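Structure assessment
This is what each chain is made of:
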Amino acid sequence: MKNLQVLKAKSSFSQEIDSIASDKSISHRCAMFSLLSSAECEVENFLEAEDTLNSLKIAQELGAVVKKENNKYFITPPKKIKEPSDVLDCGNAGTGIRLYCGLLAGSDGFFVLSGDKYLRSRPMKRVIKPLCDIGAKIDARDNANLAPIAIRGASLKAFTYESAISSAQVKSAMILAALGADGVCRYKESELSRDHTERMLRGMGVKIEKSGDFIEIHPVKEPLKPLKIKVPTDPSSAFFFAVAAAIVPNSKVLLKNLTLNPTRIEAFKVLKKMGAKIEFVEKENIYEPIGDILVEYAPLKSVEVSENISWLIDELPALSIAMAFASGTSIVRNAKELRVKESDRIESVAKNLRIAGVEVTTVEDGYSVMGTTPRGAVFDSFGDHRIAMSFALLAMASSESTIKDIDCISTSFPNFIELLSKMTETKIYGS
Ligand code: S3P
């Protein structure tokens, strides 16, 4: 187990960063959607982190041929998805396992999906139940809820499904299943979740249209147009450095080439509302709007976050660090989904902030953070990459801290510590 020591930043910083990890959500989808294409797909800047490399390996185990040249992956799909000879290992990735459930539910063959101990304790009924309702043959531990998940490919019926949760993973699993269903399918969610699946599949030729509160997905008879994509920077990863600039006095950071998809940059808008100076500059549009975000320090004030939660769910741990440094009490509500992420993030954030001397109260769907002058301490990552990276930030603006068990950072952002080291002193120890 490796630990990370982070010192308080000695001075303010002004950095332009264009080497933040590529987008995780889009990279997963590149690996998976390549399997549906008619010819070789070209993916530049694919995220080479554990989660997404697992999805790519699974695509290979399902018959795709993958070549890498310089910064580009070339993924050639099989004529037909192959039955793998072993369990498909999704590692730590909820996106990996849930989307593959939808993709494989209608494919000929037998497939077993599993992952690490954290993934094996996360709820899968949210995809297994609606898929079984349309004819999928899927079973799993804990009454069809926990991985390993066994799938026997079956014929799927057209559906109208209203999801009680706003989840891009559930929506994407159902859209992928709809592609092979026996008629037009309709899907509605309580609040729009990130929409990379719709944008990318539309770009590959799928007819996905809005119809009132529903999206309508037309099944496909032929393989799809190949993907040709340069994966933008991940705003959820970039956000750690946005918070760093917002809490270290007189600092600024220019974050380059991010997806500016509105379902992904809500946390930057909240940070702006808290007082940080933030500018968005759109530069191009490849499946989604792409551009730069400039973040500059300014004293922060408290904020209430209770809407569009799925647009900033992944950034809430880092945002709570900004809340800890703000004046006043910040409130997070309607965020029950935090409880079923890589860790129970309501508890992980609250426990660590309390160790830093910050007063936090929790409720079932959120928490309140009383802004103060947090102090450095020894924090646990709870095996959760976003918790580990968030508490590394806290040290930068308070005092020396240690984050225990940081191996999880490589699931999404392998060069995080290298970038952090440009702003403050860090040391990794342990084995
Ligand atoms: C993701 C969707 C979100 C997000 C996760 C990635 C995706 O999860 O938290 O990190 O790529 O579709 P939910 O859809 O479960 O909210």
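Not measured: the values here are computed from a predicted model. (Residues numbered from 1 in each chain as written. Predicted model: local features only at pLDDT ≥ 70, side-chain atom pairs only at ≥ 80, totals over all residues. Heavy atoms only, no water.)

**Details of the packing of aromatic side chains**
Our working rule: Side-chain rings of Phe, Tyr and Trp (the six-membered ring for Trp) are treated as a pair once their centres are within 6.5 Å; stacked means planes under 30 degrees apart, edge-to-face means over 60, and tilted covers the remaining angles. Labels follow the DSSP assignment, with helices taken as runs of H or I lasting at least four residues and strands as runs of E lasting at least two, numbered in each case from the N terminus. Think of it in three bands: with a 1.4 Å probe and only protein chains considered, a residue is buried below 20% of the maximum accessible area for its type, exposed above 50%, and partly exposed in between. Charge over a ring is defined by NZ of Lys or CZ of Arg lying within 6 Å of the ring centre and within 35 degrees of the ring normal.
In this structure the tally under the stated criterion is 8 aromatic pairs. The interplanar angle of 65° and the centroid separation of 5.3 Å between the aromatic rings of Phe46 and Tyr73 together place this pair among those described as edge-to-face. Note that Phe46 is positioned in the loop between β3 (41-44) and α2 (50-61) and Tyr73 in strand β5 (residues 72-76), a separation of 27 residues in sequence. Here Phe46 matches Tyr73 in class, with each residue buried. Sitting over the ring of Phe74, Lys67 keeps its end group 5.7 Å from the ring centre. Its guanidinium or amino end placed over the ring of Phe214, Arg186 lies 4.2 Å from that ring's centre, counting from NZ or CZ.

**What about the site of the ligand?**
Heads up, the condition is: Distances are taken per atom, and a residue is near a molecule or strand as soon as one of its heavy atoms is within 4 Å of it. Side-chain atoms alone can form a polar contact between residues adjacent in sequence; in general such a contact is a pair of N or O atoms within 3.5 Å, and within protein one must be able to donate a hydrogen while the other accepts it. Every accessible area reported is derived by Shrake-Rupley at a probe size of 1.4 Å, with residue values counting cover from the shown protein chains alone. Each residue receives one of three labels: charged for Asp, Glu, Lys and Arg, nonpolar for Ala, Val, Leu, Ile, Met, Phe, Trp, Tyr, Cys and Pro, and polar for the others, Gly being one of them. For the purposes of this description, domain bounds are those given by an automatic or database domain assignment.
Every residue near the ligand is listed here: Ser25, Arg29, Thr95, Ser167, Ala168, Gln169, Arg194, Ile313, Asp314 and Lys341. Between an oxygen atom of the ligand and a main-chain N or O atom of Gln169, the distance comes to 2.8 Å. In the model, an oxygen atom of the ligand is placed 2.6 Å from a nitrogen or oxygen of the Asp314 side chain. Expressed as a share of its isolated accessible area of 390 Å², the protein-covered part of the ligand is 95%. Counting only elements with at least two residues in the shell around the ligand, the list comes to α1 (24-33) and α6 (168-178). For the shell around the ligand, the residue count by class is 2 nonpolar, 4 polar and 4 charged. Residues lining the shell around the ligand come from more than one domain, with at least three contributed by each of domain 1 (2-22 + 232-430) and domain 2 (24-230).

**Here's the deal with helix α3 (residues 94-104)**
Among the 11 residues in α3, 11 count as buried, and that is most of the element. All of the buried residues along α3 are Gly94, Thr95, Gly96, Ile97, Arg98, Leu99, Tyr100, Cys101, Gly102, Leu103 and Leu104.

**With respect to the pattern of salt bridges**
The criterion, for reference: Here a salt bridge means any side-chain nitrogen of Lys or Arg lying within 4 Å of a carboxyl oxygen belonging to Asp or Glu.
With the rule as written, the count across this model stands at 29 salt bridges. Two residues, Lys129 and Asp133, come together in a salt bridge whose shortest N-O distance is 2.9 Å. With Lys129 and Asp133 both in helix α4 (residues 125-133) and 4 residues apart, this pair spans about one turn of that helix. Of the residues examined, Asp133 reaches a relative accessible area of 45% and is grouped as partly exposed. Here Arg186 and Glu216 are joined by a salt bridge, their closest N and O atoms 3.6 Å apart. On the criterion of sequence distance, the pair formed by Arg186 in strand β11 (residues 185-189) and Glu216 in strand β13 (residues 214-217) is long-range, its members being 30 residues apart.

**Let's talk about the domain arrangement of the chain**
Cut-off, in case you're wondering: Note on definitions: a residue-residue contact is assigned when non-hydrogen atoms from the two residues lie within 4.5 Å. Accessible surface is computed with a 1.4 Å probe, and the buried area is the amount of it that two parts give up when combined, taken over both parts together.
Here the domain parsing of the chain yields domain 1 (2-22 + 232-430) and domain 2 (24-230). Taking the mean C-alpha position of each, domain 1 and domain 2 sit 29 Å from one another. Opposite the 31 residues of domain 1 that make contact, domain 2 presents 31 residues. Surface buried jointly by domain 1 and domain 2 totals about 2600 Å² across both partners, of which 47% is contributed by carbon and sulfur atoms. For domain 1, the biggest contributors to the area lost against domain 2 are Ser22, Tyr287 and Thr411; these three give 27% of the whole. Taken together, the connections running from domain 1 to domain 2 amount to 3 salt bridges. In this assembly, domain 1 and domain 2 are joined by 18 residue pairs in polar contact (both at pLDDT 80 or more). Of the residues in the side of domain 1 that touches domain 2, the class split is 11 nonpolar, 10 polar and 10 charged.

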